[in-house]
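What follows is each chain in one-letter form.
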Amino acid sequence: RRRVRSFVLRQGRVSRAQQEALDELWPRWGLPFETCGNDPTAWFGRIAPLILEIGSGMGETTLALASQRPQQNFLAIEVHGPGVGSLLKGMADSNLDNIRVMRHDAVEVLRERIPDGSLAGIHIFFPDPWPKARHHKRRLIQPEFVHLLAEKLTPGGYLHLATDWENYAEQMLAVLSHEPGLKNTGTGFVPRPESRPVTKFEQRGLRLGHGVWDLIFERPRAPEAAV
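Treat the numbers as computed from the prediction; the structure is a model and nothing was measured.

*Asks:* Help me out: how do you make sense of the overall build of the protein in this one?
*Replies:* The secondary structure content of the protein amounts to 8 helices and 7 strands. Taking 227 residues into account, the globule formula puts the C-alpha radius of gyration at 17 Å, and the protein, at 17 Å, falls close to it. Along the first, second and third principal axes, the C-alpha atoms of the protein reach 50 × 50 × 40 Å. Here the protein holds 227 residues, and the buried ones make up 48% of them. Partitioning the intrachain contacts of the protein with sequence separation of at least 6 by distance along the chain shows that 81% fall at a separation of at least 24. Surface summary for the protein: the accessible area is close to 11900 Å², and the carbon and sulfur share equals 51%. Computing the positive centroid from 29 side-chain charges and the negative centroid from 26, the protein places the two 5 Å apart.

*Asks:* Where do I start with the packing of helix α1 (residues 16–29) against helix α4 (residues 81–94) in this structure?
*Replies:* When two helices pack together, their arrangement is captured by the angle between the axes and the distance separating the axes. Where α1 meets α4, the closest approach of the two axes is 8 Å, and the angle between their N-to-C directions is 70°. Between α1 and α4, the angle falls in the class roughly perpendicular. Considering how the two elements wind past one another, α1 and α4 form a crossing that is left-handed. In this structure, α1 uses Ala17, Gln18, Ala21, Leu22, Leu25, Trp26 and Trp29 to contact α4, whose residues at the interface are Gly81, Pro82, Val84, Gly85, Ser86, Leu88, Lys89, Met91 and Ala92. Class assignment of the residues belonging to the contact of α1 with α4 gives a composition of 11 nonpolar, 4 polar and 1 charged.

*Asks:* Looking at this structure, I do not really get the nonpolar core. What am I missing?
*Replies:* Ranked by internal contacts, the top residues of the largest apolar core, which has 36 residues, are Ile54, Leu110, Ile122, Ile124, Ile141, Phe145 and Leu159. Tallying contributions element by element places helix α6 (residues 143–152) first for this core, with 5 residues. The contacts of Leu159, once residues within four sequence positions are left out, are Ile122, Ile124, Leu149, Leu153, Leu176, Leu182, Leu215, Ile216 and Phe217. Leu22, Met91, Val101 and Phe125 belong to the second-largest nonpolar core, a separate cluster that totals 24 residues.

About the cut-offs
Residues numbered from 1 in each chain as written. Predicted model: local features only at pLDDT ≥ 70, side-chain atom pairs only at ≥ 80, totals over all residues. Heavy atoms only, no water. Helix = DSSP H or I, 4+ residues; strand = E, 2+ residues; numbered from the N terminus. Rg over C-alpha atoms; globule rule 2.2 N^0.38 Å. Buried < 20%, exposed > 50% of the residue type's maximum accessible area, 1.4 Å probe, protein only. Contact = heavy atoms within 4.5 Å. Areas by Shrake-Rupley, 256 points an atom, 1.4 Å probe, with all protein chains shown as cover. Lys, Arg positive; Asp, Glu negative; His and termini not counted. Charge placed at Lys NZ, Arg CZ, Asp CG, Glu CD. Axes fitted to C-alpha atoms, helices over the stretch in contact; angles between N-to-C directions. Parallel < 35°, antiparallel > 145°, perpendicular 65-115°, else oblique. Left-handed = near helix turned anticlockwise from the far one by under 90°. Nonpolar A, V, L, I, M, F, W, Y, C, P; charged D, E, K, R; others polar. Core = buried A, V, L, I, M, F, W, Y, C linked by side-chain atoms within 4.5 Å.

Encoded structure:
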C-alpha cells in the first residue's frame, strides 16, 4: 500500500538571501533528522509547551505565532529550500529563538522524533488539496495519520487545520470526527481564530471569493476522579 507522505518535493528557486540564511543559520536553528534525537527539551534548551507546524511554507505564520507566544516552543517542518531559508532569515531579523526547523517528512518525524503525549498543539494550514478525485488518496489528512497526530497530543492539546478547498474541508471534518482520540471544539467548522494570521496566499484567495474552513479538535482530558 502506498504510504502517504507529508509533502511533494517541487523545486523552486532559492534567492541569494534565502541561501545565505540556509548556510549561516541552519547550524543554529535547524534540527537534522538523523542526529537530533527525540528530546524536545534538548532542542530548545528549556521546558515549554511545544507546538508543531506541518508545512510551514515561507514561514510567515510561524514567525507571527512564535512572536505572539514567546512562552511556547515551535517546531516547523518544511522541506522546500526557499521556505526554510525565508523562515530562518525571519527568525534572525525578528530575534526569535523559540523556533526550530526540520527538513524531513512529517510522518517520519512524528513516528520517530516526537514522543507520545508531548505536543500542546499541531497546526496544519492549507496542505496540498490534491483536487483531482483520483489523487484524493494522496491527501495528508487520512485516518491513520490523524490517529498518529492524536497520540502525540498531550491531554487538552489541540489540532488546528485550515483549507480553502471545500471538498477537502468536508473530508477533514469526517476523518477527524471519526477519530476516537479527538473531540471537536465546536459543532463543525469554526470561525478563523484571531490568533491565526491570514497569509498572503489566503488574502489573495479571499479577494477572489474563495472560502476558508478552519477546524479545531482537541485531545480530551481524562475525567477527574470523584472525590
